[in-house]
Amino acid sequence: YYQIDYVVRAMGEVDPQGAACRSELGETCFRQIAQLLITLAGNPAFPGVNSAVIFQTLLAAGVIGPGCTNPSGEACIGLSDLTTFFGITLPQTVPIPPLSVRFFGSDDYVNAYSQQGSFGIERELAPNFSISVDYIYSYTLKITRARDKNILPGGGFVNPLILQDNVYESTGKAFYHGFILSVNKRFSNQFSFFANYTFSKAIDEVTDFNSDFQPTDQSDLRGERALSSFDQRHKFVLAAVVDSPWITVSPIIRANSGRPFNLLAGTDVNNDRHSTTDRPPFIGRNTGRGPDFWTVDLRLSRKFGLGERANVEVLGEAFNLFNRLNFASVNNTVGAAYSGPLNPLGNKSLSPSQPLGFTSAVGPRRFQLGVRLNF
């Protein structure tokens, strides 16, 4: 048994090894990596050869292990060694097996980059008390995403015998607009605080380059443009420090609106041989809205002097002080016949196995104690 990885070139291009690579029936390509499975029990096709024999023979010959002294730094072992020592020959130009799933990089692939801009104003309203307003813009181009080039526009396949022909290309885009309002009271009279509110919108065309995030319609990449999976329309943070002769109190309050999630059919609706990417009919990408979040964390600390140059600080910290149940993810597989709202929310009355039921939660209340020596 052997498994093959192919170097696949553009349609009609000739492979450097001399084998033409064409997207048509009967396609033949050069195998960059040919794998032969020989276990300790051996392989019926090669009597007397097992994995132990191969290891010991190649080690003694200096092909593997410390005996390999290739100046170029490349591996010493090659396909010819299998033929020389064991009579194993694997052709590197063969027809593609039916129902192959292939992955390769686009010839014009480039790294992603972003264009960013910001504008801000800060004003002091009173001594040690200021307010600032900022606007942030980001435009990211050439984001990596996967696409099945074997699918023809309107249906059908370039090569019906190939199950998937996935290409990783740098064609995705993302946009971010953020409005930030900050209030800062610097430390004075044993009290300081900082408050920050962000109103933002994030849009993109792809979540990740994993093939599970390919477009529902492989011929309509523009139809994937929607709210990003990390879009948070509202986010608020308030932090303070209250210092007294006996103890220092530091609370932090955090709150934000829910992130979008993508509704999936859980089956191959459009018969494109991708069962993990299809959404229910007429449903856009990332139209679901995940749960909101808020929590209160608290730190209490007190210092005890140890002479003029050292002290011991005793700390007590609480996370999610009020033990709020903050749901995290939603069961987004709703079926091909979904007929609910276009912008559904998660439902805590449903079990995790039911569509739109919550499947996980952020950590519960937690306490921790600590001692710090300062000198």
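Anything mentioned here points back to the structure above.
Below is a short write-up of the structure. (Residues numbered from 1 in each chain as written. Predicted model: local features only at pLDDT ≥ 70, side-chain atom pairs only at ≥ 80, totals over all residues. Heavy atoms only, no water.)

### As for unusual backbone geometry
Stage number 1. Although it is not a glycine, Asn128 adopts a positive phi angle of roughly 65°.
Stage number 2. Considering the arrangement of structural elements, one finds Asn128 in the loop between β5 (113-126) and β6 (129-148).
Stage number 3. Assessed through its relative accessible area of 32%, Asn128 is described here as partly exposed.
Stage number 4. The phi angle at Arg273 is positive, at roughly 70°, despite the residue not being glycine.
Stage number 5. Along the chain, Arg273 turns up in the loop between β12 (260-261) and β13 (288-289). (Helix = DSSP H or I, 4+ residues; strand = E, 2+ residues; numbered from the N terminus. Buried < 20%, exposed > 50% of the residue type's maximum accessible area, 1.4 Å probe, protein only.)

### Observations concerning the pairing of strand β11 (residues 248-256)
Stage number 1. Bridge count for strand β10 (residues 234-243) against β11 is 7 bridges, and the pairing is antiparallel. The residue bridging Val237 from the neighbouring strand is Arg254, located in β11.
Stage number 2. Pairing between β11 and strand β14 (residues 293-305): 9 bridges, direction antiparallel. By the bridge assignment, Ile252 is partnered in β14 with Asp297. (Pairing = 2+ DSSP bridges.)

### Here's the deal with the environment of Pro160
Stage number 1. Here Pro160 shows up in the loop between β6 and β7 (162-188).
Stage number 2. Judged by relative accessible area, which is 42%, Pro160 ranks as partly exposed.

### Describing the pattern of salt bridges
Stage number 1. Here the structure, examined in full by the defined rule, presents 14 salt bridges.
Stage number 2. Between Asp165 and Arg102 there is a salt bridge, and its shortest N-O distance comes to 2.7 Å. Here Asp165, found in strand β7, pairs with Arg102, found in strand β4 (residues 100-105); they are 63 residues apart in sequence, far enough to count as distant. Both residues of the pair, Asp165 and Arg102, count as buried.
Stage number 3. As a salt-bridge pair, Asp231 and Arg289 come within 3.8 Å of each other at their nearest N and O atoms. (Salt bridge = Lys/Arg side-chain N within 4 Å of Asp/Glu carboxyl O.)

### Some points on the nonpolar core
If you look at soluble globular proteins, the nonpolar side chains tend to sit buried side by side.
Stage number 1. Core analysis: the largest hydrophobic core is formed by 10 residues, namely Ile38, Phe46, Val49, Ile54, Leu58, Val63, Leu82, Phe86, Ile88 and Leu90.
Stage number 2. Counting 8 residues, the second-largest nonpolar core is a separate cluster that includes Leu263, Ile283, Val334 and Leu356. (Core = buried A, V, L, I, M, F, W, Y, C linked by side-chain atoms within 4.5 Å.)

### Some points on the packing of aromatic side chains
Stage number 1. Overall, the coordinates contain 7 aromatic pairs when judged by the stated rule.
Stage number 2. Measuring from ring centre to ring centre gives 6.2 Å for Phe85 and Phe86, while their planes differ by 50°; the resulting arrangement is tilted.
Stage number 3. You can call Phe86 buried: its relative accessible area is 12%.
Stage number 4. Measuring from centroid to centroid gives 6.4 Å for Phe129 and Phe193, while their planes differ by 45°, and the two rings are tilted. With Phe129 in strand β6 and Phe193 in strand β8 (residues 191-204), the pair connects residues that are 64 residues apart, well separated along the chain.
Stage number 5. Overall, Phe193 belongs to the partly exposed group, its relative accessible area being 22%.
Stage number 6. Directly above the aromatic system of Phe157 lies the positively charged group of Arg273, at a separation of 3.9 Å from the ring centroid. (Phe/Tyr/Trp six-rings, centres within 6.5 Å; stacked < 30°, edge-to-face > 60°. Lys NZ or Arg CZ within 6 Å of the ring centre and 35° of its normal.)

### Notes on the side chain of Asp148
Stage number 1. With respect to the helices and strands, Asp148 occurs in strand β6.
Stage number 2. Buried charge Asp148 goes without a salt bridge, the closest partner of opposite sign being Arg273 at 7.3 Å.
Stage number 3. Polar side-chain contacts of Asp148 include one of 3.0 Å to the backbone nitrogen of Asn150.
Stage number 4. Setting aside chain neighbours within four positions, we find Asp148 in contact with Leu163, Gln164, Asp165, Asn166, Gln214, Gln218, Asp272 and His274. (Lys, Arg positive; Asp, Glu negative; His and termini not counted. Polar contact = N/O pair within 3.5 Å; in protein donor to acceptor, adjacent residues only side chain to side chain. Contact = heavy atoms within 4.5 Å.)

Honestly, it's all geometry; don't read function into it.
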